[in-house]
Structures are given as structure tokens and as C-alpha cells.
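Summary of structural features
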Amino acid sequence: MSTEKAALRKAIRARYPGKNQRDAESARLCAVIAQSDLFRRANVVAGYVPMAREADIMPLLRLTLDLGKTLLLPRVEGARQMTMRQIRDLSALIPGAYGIPEPPESAPILSPDAIDLLLTPLEGVAPDGTRLGKGGGYYDGLLPLKNGIALGCALPWQWVDDIPRESWDIPLGACVDGEKIRYFSGCLLYTSDAADEL
């Protein structure tokens, strides 16, 4: 199955439309999330610092801080292990694993149980909520969330018909789909956003 996933990652990456389109689509994605009940109601938001082909959610991270919400960002601690640490100023991020900026070691660790909304990076996503990551397994330890929802940050070209699911793969609760948020079967979070989806 790992071979299938590797081939699928390669196929999705080949769809990459270039930075200008990625930036425009990322701006729309941020607007959709910012206007959602999921974001408005969340007190603790966990995000990520985007890599080149991922949805750029930096404007949303800044908005989270501007609104006085608690912002968590990942720090890689070892193979397949990361913690979510509180960051109050994005300028405090330091170079981390894979060259991705991350919180310093002094930043407070919060339990995944504290997360209301987990903005989740991905390589691809399927209509049943299955997420295709980079294969490092870092998000497997966070999902499923006990008290919050994992929201996939997908750009239009990252949607695929099917992704092989292994026993440890936990589906997302919801994902950005163009101009709306799509809620997946099994998501028990009832909000006005979800009224037409659940």
C-alpha cells in the first residue's frame, strides 16, 4: 500500500499549478475558514507553517493571534513524533526539521485534547475524508482529536477520487472544498456550517 500512496503523491504533485495559482487559491481557502463557525468558535487553533506545495495559511495564523485566540504550531521532536506548542509571535519561530520554521523548545506544550480546531496540511484528500500526508506519520499521533475537529486545508487540485486507507489512518472531520467546508460522514460536530452536509 505504501507503493500505491507514493505513486499517488507523485501524481498529485504533478498537478501543481504554480506559485501564483497556489497563492490565489490559498487566499480563498483562508477566507472560507476565517468566515466559518468552526474558526469563529475555536479558542485554541492548531496550525502549521506551510511548505511550498501546501495551502499557505500564514494569513490565518496571523488572524488567529490578532483575535486573541491561542495558536499552536508543531515542533518535531524525533522520528514520527511532534508536539504542539503555543506561539504568541510568529517572529519567534526558528528553523526546524526539514527546514520548516517551528516554535523554540521553550514554547509551552499543550495537549492535543486542548485543540478546538486543527488546521491540517496534506498532499491529497478523498471524498470520504481520507487524508494523504507526506508519509512521516507525524499527524497519526494527534488524530482523532478528543474535543476538536481536524480540518483539511486542501486546494482544488489536491482532491482525488480515492486514497488507500490503512488501519492507522484516521479520516479528517472536514475539509475545505472550493468555496465551502465539506463535513465527512462520522463528523459529530453540528454547526450552522454543517447543516447542509450532515
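A word on the overall build of the protein chain. The helix and strand tally for the protein chain stands at four helices and 12 strands. Taken against the 2.2 N^0.38 rule, which gives 16 Å for 198 residues, the C-alpha radius of gyration of the protein chain at 16 Å falls within 12% of a compact globule. Considered along the principal axes of its C-alpha atoms, the protein chain spans approximately 40 × 40 × 35 Å. Just so you have it, the protein chain exposes about 9,600 Å², and 51% of that area is on carbon and sulfur atoms. The centroid of the 23 positive side-chain charges in the protein chain is displaced by 3 Å from the centroid of its 25 negative side-chain charges.

For the rest of this paragraph, the subject is the pairing of strand 2 (residues 70-78). Pairing of strand 1 (residues 44-46) with strand 2 involves three bridges; the strand directions are parallel. For Ala 46, the partnering residue across the bridge sits in strand 2 and is Leu 72. Following the backbone out of strand 1, through helix 4 (residues 58-66) and into the adjacent parallel strand 2, one traces a crossover that is right-handed. In terms of strand pairing, strand 2 meets strand 3 (residues 81-86) through six bridges, oriented antiparallel.

Quick look at the sheet that holds strand 6 (residues 109-110) now. Spatially, 6-3-2-1-7-10-11-12 is the arrangement adopted by the eight strands of the open sheet, whose pairing is mixed. Looking at the sheet topology across the chains shown, the edges are occupied by strand 6 and strand 12 (180-183). For strand 7 (residues 117-120) and strand 10 (residues 149-152), the ladder comprises four bridges, and the chain directions are parallel. Each residue of the ladder has a partner; that of Leu 119, found in strand 10, is Leu 151. Strands in contact with helix 2 (residues 19-34) are strand 7, strand 10, strand 11 (174-177) and strand 12; relative to strand 11, the strand with the most contacts, it is inclined by about 130°.

Another aspect to go through is helix 4. Taken together, the buried positions of helix 4 are occupied by Met 58, Leu 60, Leu 61 and Thr 64. Angular distribution of buried residues about the axis of helix 4 spans 160°; they occupy a single face of the element. Those residues of helix 4 that are buried lie in contact with helix 2, helix 3 (37-41), strand 1, strand 2 and strand 7. Two residues or fewer after helix 4 comes Gly 68, characterised by a positive phi angle close to 80°.

With 12 residues, helix 1 (residues 2-13) extends 16 Å between its outermost C-alpha atoms, agreeing within 8% with the 16 Å of an ideal straight helix rising 1.5 Å per residue. When helix 1 is considered as a whole, its buried residues turn out to be Lys 5, Leu 8, Arg 9 and Ile 12. Buried residues of helix 1 fall within an arc of 105° about the axis and therefore sit on the same side. For helix 1, the exposed residues lying more than 90 degrees away from the buried face are Thr 3 and Lys 10. Looking at the buried positions of helix 1, the neighbouring elements they touch are strand 8 (124-125) and strand 9 (131-132).

The next subject is the state of the cysteines. Going through the model one piece at a time under the given rule, you end up with zero disulfides. With no disulfide of its own, Cys 30 has Cys 153 as its nearest cysteine by sulfur position, at a separation of 7.6 Å. With no disulfide of its own, Cys 175 has Cys 153 as its nearest cysteine by sulfur position, at a separation of 7.4 Å.

Parameters at a glance
- Residues numbered from 1 in each chain as written.
- Predicted model: local features only at pLDDT ≥ 70, side-chain atom pairs only at ≥ 80, totals over all residues.
- Heavy atoms only, no water.
- Helix = DSSP H or I, 4+ residues; strand = E, 2+ residues; numbered from the N terminus.
- Rg over C-alpha atoms; globule rule 2.2 N^0.38 Å.
- Areas by Shrake-Rupley, 256 points an atom, 1.4 Å probe, with all protein chains shown as cover.
- Lys, Arg positive; Asp, Glu negative; His and termini not counted.
- Charge placed at Lys NZ, Arg CZ, Asp CG, Glu CD.
- Pairing = 2+ DSSP bridges.
- Right-handed = clockwise from strand over helix to strand, strands pointing away.
- Contact = heavy atoms within 4.5 Å.
- Axes fitted to C-alpha atoms, helices over the stretch in contact; angles between N-to-C directions.
- Buried < 20%, exposed > 50% of the residue type's maximum accessible area, 1.4 Å probe, protein only.
- Arc of directions from axis to C-beta.
- Expected span 1.5 Å × (residues − 1).
- Disulfide = S-S within 2.5 Å.

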